[in-house]
Amino acid sequence: MAGLGTSLHRLQLSVPPEHATLTPPVTSRRRHPLPPPPGTAYQRYPPPANATPAATAIRRCRPAHGPIMDISSVFAAMQQHEQLATMPFLDLTAFLRCTSLLKDDILQPQPHTVSVLIAPDILPPSVNEFLAERVAISEDAVDVLWDIVKDLIWVLPTAGEAAAADEEAFRLYGHKRGITKHTLYPPVKTCINPNCNAWRNNSLLKKEEQRCVVVFTHAQGAHPAWSVHLKCRVCHTNYHHNYSVQDGMRTYYGGIPSYLQVAEHQFIQLELVMSWMDLMQIPVSATNCVRVYDIAQSRQSPDHGVPWQFGSSLTTEEVWDSFTLLALLDDHHRRGIHLQVPHGGEQKDRFTHAMRQRTEHIITHGQEELPHACDGCLRVFEMPDGTLSRTEVVVTDGVTVGHPCCAVPRCTNPLANNRHRYCSIDPAHKRLELVCAVEGCDQPVTCDSQSGKPRKACNDPLHLQMETLNVKSMRSGKSRTRHQKLTKSNDAMASIDAGDGLAVQDGDEWYEHDGHTGDTRLVQPAVTISTGVDDDEDLAYTAKETQGKLKAIFRRQRTNNEQLVVRPCGIINARSTMYHHEAVSNVLLLIEQIYSLPRARKPQHLIYDSNCNALREVTSHQIKFFDGVGMCVDAFHHWTKHKASDTLCREHCDMKAYPELLDEDGGYYFNSSIAEQINVWFGAFHNICREMTPVKYEFFLDEMIIRRNRVTLATLHAQGKRPYHPCFT
């Protein structure tokens, strides 16, 4: 530490005569010219003859030489000093704690002849001054107190040593008596139901119920613990560690608890859940979070011979439940309301309604940073007439991330089961499960001759051959979807099963049949890129591509892409799921909906890869919202992906045509490629959320955006870009 070794100008300590006998004279201490080797600085108290090895291990340290002072001697010595006699006990413990943490800083500036085995007589000036301010006593009083307790301080265990010793003590002497280091009580001691007489009388909750639980901690692995419930005898409200229960509903307390209950007998430390949420932003799946925890857990000392009702194994479901609960509690805490969920029912369904409500709130009110502005996305500039004006820019682009959905185009109904191809909400869609999967065929499916299970094709030999080709493609891993799965597994430590029967339909695959030879082959183009197209072009393209080709839906469908709306500074304003193609009409509708919300401001410029098509859509349909909005293509795509012969694109979609988008040197003021850069991060979530239900999918991606925006905000503050929420519209 800087400043500790520069000078020791206060080496002469003035001690009143009555204190001189409190510290053994220096001559009575054994000095060592050289520091001892590592591991010899301390020795243990001599254990009793009948002490067990484990009991010996947790005994506190004492100095290798010199007496250890008992507590009565410490207090007696302090009584002899005017300031120390009235020193609060908490200040004394703070003094002991701080000086114990500063042992190395105290020792380093001492002369080389001072032994590391005993406490130095003199404190460095900076440490003395720090302690004087910390416990509000004079620097002379600090010197006196140090002389009184230095031998005690020098043998105090570190925080890690003390924690390990406590853990061992509870394991050896507490568990057999039903005592654990972690006992989780409700945060309230009296009933908080305002309609209860016990609340009016401020009566203590005394009716209790105890149960064995397991606590998963961030640094020390899984530990046995007790959870204590307190029940009000008047209104019968049951108070748990995280929530109270009344009339079948859980009401969570305000704030976020230190331990989150994710199952009846499982709690997870808040720091551990937060670390998982951080890992998921990389992204790391919940399954791999469990793997990481298991690896770390393997380094912990096992609790041999300590029976407990529940094991220490963590599950993927518990990781997801902790993620969901923390996200909901954080959202409700920021909004100043209490989270309420059903107490009964299955755990997997408990938070579904609350998750759906959070998603609907984001749809109707926007993301937290919807009103964001900073020097990276809002520019104030001077007009030719000398007046000041402002311009704000947003960028949008699609990224291939999706979840299983109904195979009927543009149907947004959720699937009853992710194994299904069609939704069950629409009866016309549901019956398609029993109709031949080949387009244009309305015959019922046939059954397999061996298993008797329904197939996905009718008894037409060609259609059966197409289904056989599809199954072979799925098993061989030739499907692009299968290649993607093999490339990045959701479980980093699991073997990859190429025979997964839940593959997803590649939307542009087809079958070609040779009528002369009878051969049929499955065609799967190598690359599919999601990009904005005009609705009429989309229909014409589909009709053209299907001529002379046989198409079928033997496998599940997935939503086409996620559309992100991003500010040039990196703040994500919104996200929306595109169920079919990234049609420009849907993109325009998304932009209008987002920036018509109460907290939003209409941007002056929208940058989009397909803005030439979007501008035609706006012009032909006379969409008033986009009056006065510049619609440019980002600089890279404008010159490399768009035709020079497209006059409208060259004249109206070029960023160089707008001076407010250029800096003083003629370069681009705003980062118009930010959406594609964000897509690199966002696209990695595909492997995590590809099998999620729509409710969980929407909730997870929204939470990832919220967390990403908070990180971006911290970066913008560090860069001096002054992020804020303007009051103008």
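Heads up: the structure comes first, above all this text.
Residues numbered from 1 in each chain as written. Predicted model: local features only at pLDDT ≥ 70, side-chain atom pairs only at ≥ 80, totals over all residues. Heavy atoms only, no water.

*Asks:* Just to check I follow, could you spell out the overall build of the protein chain for this structure?
*Replies:* The helix and strand inventory of the protein chain stands at 25 helices and 21 strands. The buried share of the protein chain, taken over its 729 residues, is 47%. Taking the intrachain contacts of the protein chain between residues at least 6 apart in sequence as the baseline, contacts between residues at least 24 apart amount to 67%. About 37,100 Å² of surface is accessible on the protein chain, with carbon and sulfur atoms providing 54% of the total. (Helix = DSSP H or I, 4+ residues; strand = E, 2+ residues; numbered from the N terminus. Buried < 20%, exposed > 50% of the residue type's maximum accessible area, 1.4 Å probe, protein only. Contact = heavy atoms within 4.5 Å. Areas by Shrake-Rupley, 256 points an atom, 1.4 Å probe, with all protein chains shown as cover.)

*Asks:* Honestly, helix H11 (residues 286–297) in this entry has me stumped. Any pointers?
*Replies:* An α-helix turns once every 3.6 residues. As a result, residues three or four positions apart point the same way. Spanning 12 residues, H11 covers 16 Å between terminal C-alpha atoms, matching the ideal 16 Å at 1.5 Å per step. Ala286, Thr287, Asn288, Cys289, Val290, Tyr293 and Gln297 are the residues of H11 that are buried. (Expected span 1.5 Å × (residues − 1).)

*Asks:* Please clarify how empty space enclosed by the protein should be interpreted in this entry.
*Replies:* Using the criterion set out here, one finds one cavity of 30 Å³ or more in the structure. The computed volume of the largest cavity comes to approximately 30 Å³. If you go around the largest cavity, the residues you meet are Val395, Thr396, Asp397, Asp609, Asp634, Ser672, Ser673, Ala675 and Glu676. Sorting the residues of the lining of the largest cavity by element identifies strand E13 (388–399) and helix H23 (674–682) as the ones contributing at least two each. Ranked by residues supplied to the lining of the largest cavity, first place goes to E13 with three residues. (1 Å grid on protein atoms, 1.4 Å probe; cavity = no way out; pocket = protein on both sides within 12 Å on 5 of 7 lines; lining within 4 Å. Points joined across faces, edges and corners; volume = space filled by probe spheres on them.)

*Asks:* What is the right way to look at the pattern of salt bridges in this model?
*Replies:* Where charged atoms of side chains with opposite charge meet at close range, the side chains can pair. For the coordinates displayed, the defined rule picks out 27 salt bridges. Here Arg334 and Asp330 are joined by a salt bridge, their closest N and O atoms 3.2 Å apart. Residue Arg334 and its partner Asp330 are both found in helix H12 (residues 316–335); the two are separated by four residues, about one turn of the helix. Overall, the relative accessible area of 10% leaves Asp330 in the buried class. A salt bridge links Glu392 to Arg390; the shortest N-O distance between them is 2.9 Å. A residue is classified by how much of its surface remains accessible, and Arg390, at 23% relative accessible area, is partly exposed. In this structure, a network of salt bridges that share partners links the residues Asp330, Arg334, Glu368 and Arg710. (Salt bridge = Lys/Arg side-chain N within 4 Å of Asp/Glu carboxyl O.)

*Asks:* Explain unusual backbone geometry here, please?
*Replies:* Backbone phi values are negative for most residues with the exception of glycine, while trans is the configuration of most peptide bonds. In this structure, the amide linkage connecting Ile282 to the following residue, Pro283, adopts the cis form with an omega of 10°. Despite not being glycine, Ala136 has its phi angle at roughly 60°, a positive value. Secondary-structure assignment places Ala136 in the loop between helix H6 (125–135) and helix H7 (139–154). Its identity as a non-glycine residue notwithstanding, Gln622 has a phi of 50°, on the positive side.

*Asks:* Quick question: what am I supposed to make of the environment of Gln563 here?
*Replies:* Here Gln563 shows up in strand E18 (residues 561–566). Taking the C-alpha atoms as reference points, Gln563 and Arg575, 12 residues apart in sequence, are found 5.6 Å from one another. The residues touching Gln563, leaving out its near neighbours within four places in the chain, are Thr396, Asp397, Gly398, Ala574, Arg575, Ser576, Met578, Glu582, Val587, Leu590 and Tyr608. Engagement of the side chain of Gln563 in a polar contact is seen with the side chain of Thr396, the distance being 3.0 Å. A polar side-chain atom of Gln563 sits 3.3 Å from a polar atom in the side chain of Asn561. (Polar contact = N/O pair within 3.5 Å; in protein donor to acceptor, adjacent residues only side chain to side chain.)

*Asks:* Help me understand the pairing of strand E19 (residues 572–578) in this model?
*Replies:* Looking along a regular strand, one sees the side chains alternate between the two faces of the sheet. The element E19 is extensively covered by neighbouring structure, given that six of its seven residues are classed as buried. Once E18 ends, the chain turns through five residues before running back antiparallel as E19, passing Gly570 with a positive phi of about 110°. (Pairing = 2+ DSSP bridges.)

*Asks:* What am I meant to see in the environment of Ile268 here?
*Replies:* Relative to the helices and strands, Ile268 is located in strand E10 (residues 266–269). What makes Ile268 buried here is its relative accessible area of 0%. As a C-alpha pair, Ile268 and Thr217 span 51 residues in sequence and 6.3 Å in three-dimensional space.

*Asks:* Before we go on, may I ask you to explain the state of the cysteines in this structure?
*Replies:* Here, disulfide denotes a covalent bond that connects the sulfur atoms of two cysteines. According to the stated counting rule, one finds zero disulfides in the structure shown. With no disulfide of its own, Cys374 lies 3.7 Å from the sulfur of Cys569, the closest cysteine sulfur. (Disulfide = S-S within 2.5 Å.)

*Asks:* I would appreciate a short explanation of the nonpolar core in the present structure.
*Replies:* Soluble globular proteins tend to pack their nonpolar side chains together in the buried interior. Membership of the largest hydrophobic core comes to 66 residues, with the highest contact counts inside it found for Phe682, Phe685 and Phe700. No other element matches H12, which puts eight residues into this core. Discounting chain neighbours no more than four positions away, the residues touching Phe700 are Met280, Trp320, Phe323, Phe685, Ile688, Cys689 and Met692. The next biggest cluster of nonpolar side chains, apart from the first, holds 29 residues, and it includes Val74, Met87, Leu131 and Ile153. (Core = buried A, V, L, I, M, F, W, Y, C linked by side-chain atoms within 4.5 Å.)

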